[in-house]
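# Results of the structural survey
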Amino acid sequence: MSKKIIAGNWKQNGNLKQSIKLARDIFASVKKNKYKHEIIIFPPSLYLLETQKVNRENIIKIGSQNVSAYNDGAYTGEISSSMLKDLSVKYCLVGHSERRHIIKESDKVCSSKAQRLYEKNIKIIYCIGEKLSEYKCKKTKSVIKKQIQYIFKNIGDQINSKPNNIIFAYEPVWAIGSGLVPTSKELLSTFDFIRKTVDSAGKKNKSIKLLYGGSVSPDNALSLLKTKYIDGLLIGGASLDAKKFIAICSTI
Ligand code: PGA
């Protein structure tokens with residue numbers, strides 16, 4: 001079995017003390033249990049440095065939830081890919097539905113962000129997924145096809161040169177934080193479609209990993225991880241609870 005990815009997106013939650021405690025609890029358990037999979041946490045940006053300090057032994061990977069679409073310059077409040085590199089950040093989320101739909105980030109902005117990360121050799125978890133209204137109108141595949149094709153059209157050359165620097169995370173918007181998860185039949189069909197769409201966009205793309213995200217819990221993690229073409233999980237709510245996150249890591 002190839003290495004699975006278990007990623008925890010803490011979003012805008014917790015304070016410094018809680019973040020350090022959560023990181024410590026996760027590190028301790030990961031160190032003890034020696035999981036074979038790749039475990040990544042995405043703390044709030046302000047706490048990246050402190051969580052890195054806890055992770056001195058590099059037991060897990062630390063990722064950023066966001067990056068600026070621009071190189072260093074007059075972009076008040078933004079954090080550049082070179083600043084993330086400075087903190088030894090290994091991964092960054094791009095295109096999360098909360099950024100696409102609340103912050104109104106377009107495919108164009110998302111692809112600029114991915115480009116900045118490629119330039120600094122920081123791996124990208126590129127989120128795609130349909131909204132509830134699109135799901136109801138059976139537009140899931142057309143929405144994700146458009147999202148995938150856009151990124152390949154814009155940074156296809158970089159992806160072709162380093163296909164393993166990008167991972168696609170399918171997160172149906174209606175499944176995030178709702179307790180709802182697509183049926184196994186829907187997941188099989190959607191992941192089969194994503195796999196084919198990604199693979200057909202470049203000769204070396206077969207090694208690009210695909211994750212599922214949206215209401216992942218210790219109860220559904222195993223069946224999700226056993227689904228064909230799902231190489232790992234992107235977890236929101238359950239990643240804020242060390243016991244639940246570790247329980248998910250322990251399922252495989
Ligand atoms: P959730 O969030 O696990 O709380 O549904 C997933 C995500 O937003 O990545």
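Scroll up to find the structure this text is about.
Residues numbered from 1 in each chain as written. Predicted model: local features only at pLDDT ≥ 70, side-chain atom pairs only at ≥ 80, totals over all residues. Heavy atoms only, no water.

### A look at the site of the ligand
Around the ligand, the structure places 13 residues, and the nearest of them are Lys11, His96, Glu171, Gly177 and Ser215. In this structure, Gly177 approaches the ligand through a main-chain N or O atom, which is 2.7 Å from an oxygen atom. One nitrogen or oxygen atom from the main chain of Gly236 is found 2.8 Å from an oxygen atom belonging to the ligand. Expressed as a share of its isolated accessible area of 280 Å², the protein-covered part of the ligand is 95%. (Near = heavy atom within 4 Å. Polar contact = N/O pair within 3.5 Å; in protein donor to acceptor, adjacent residues only side chain to side chain. Areas by Shrake-Rupley, 256 points an atom, 1.4 Å probe, with all protein chains shown as cover.)

### Some details on the pattern of salt bridges
Under the criterion given, the structure shown has 11 salt bridges. With a shortest N-O distance of 3.1 Å, Lys61 and Glu38 are connected by a salt bridge. Here Lys61 is found in strand E3 (residues 61-64), whereas its partner Glu38 is found in strand E2 (residues 38-42), with 23 residues between them in sequence. Among the residues examined, Lys61 registers a relative accessible area of 29% and is labelled partly exposed. Looking at Glu38, the relative accessible area reads 15%, which means it is buried. Across the pair Arg116 and Glu119 runs a salt bridge whose closest N-O atoms are separated by 2.9 Å. Linking Arg116 with Glu119, this pair stays in helix H5 (residues 107-119), spanning three residues, or about one helical turn. (Salt bridge = Lys/Arg side-chain N within 4 Å of Asp/Glu carboxyl O. Helix = DSSP H or I, 4+ residues; strand = E, 2+ residues; numbered from the N terminus. Buried < 20%, exposed > 50% of the residue type's maximum accessible area, 1.4 Å probe, protein only.)

### Considerations on the packing of aromatic side chains
Per the stated rule, a full pass over the model turns up six aromatic pairs. Summarising the aromatic geometry, the rings of Tyr170 and Phe191 are spaced 5.8 Å apart at their centres and angled 80° between planes, so their arrangement reads as edge-to-face. Here the residue Tyr170 occupies a position in strand E6 (residues 166-170), and Phe191 occupies one in helix H8 (residues 184-199), the gap between them amounting to 21 residues. A residue is classified by how much of its surface remains accessible, and Phe191, at 1% relative accessible area, is buried. Taken together through their ring pairs, the aromatic side chains of Tyr126, Phe152 and Phe168 make up a single cluster. In this structure, Lys153 packs its charged tip against the face of Tyr150, placed 5.5 Å from the ring centre. (Phe/Tyr/Trp six-rings, centres within 6.5 Å; stacked < 30°, edge-to-face > 60°. Lys NZ or Arg CZ within 6 Å of the ring centre and 35° of its normal.)

### Quick word on the sheet that holds strand E4 (residues 91-94)
Reading around the barrel, the eight strands line up as E1-E2-E3-E4-E5-E6-E7-E8 and close back on themselves, with parallel pairing between neighbours. Sheet twist, expressed as the mean angle between neighbouring strand axes with direction ignored, is 25°. Bridge analysis of strand E1 (residues 5-9) against strand E8 (residues 232-235) gives four bridges, and the strand direction is parallel. Its bridge partner being in E8, Ile5 is matched across the sheet by Gly232. Packed onto the sheet, helix H10 (residues 242-249) meets E1, E2 and E8 and runs at close to 165° relative to E1. (Pairing = 2+ DSSP bridges. Axes fitted to C-alpha atoms, helices over the stretch in contact; angles between N-to-C directions. Contact = heavy atoms within 4.5 Å.)

### Things to note about H10
Buried residues of H10: Ala242, Phe245, Ile246, Ile248 and Cys249, and no others. Seen from one end, H10 has its buried residues packed into an arc of 155°, which puts them on one side. Against the buried residues of H10 lie E1, helix H1 (16-33), E2, helix H9 (221-226) and E8. Sitting at the head of H10, Asp241 places a side-chain oxygen 2.9 Å from the backbone nitrogen of Lys243. (Arc of directions from axis to C-beta.)

### A short note on the nonpolar core
Counting 57 residues, the largest nonpolar core has Ile26, Tyr126, Phe168, Tyr212 and Leu233 as the members making the most contacts within it. In terms of residues, this core owes the most to one element, helix H7 (residues 140-161), which gives six residues. Setting aside residues up to four positions removed in sequence, Leu233 forms contacts with Ile5, Ile6, Ala7, Leu211, Tyr212, Val216, Ala221, Leu224, Leu225 and Ile248. Formed by 12 residues, the second largest nonpolar core is a distinct cluster that contains Ile167, Ala169, Leu211 and Leu234. (Core = buried A, V, L, I, M, F, W, Y, C linked by side-chain atoms within 4.5 Å.)

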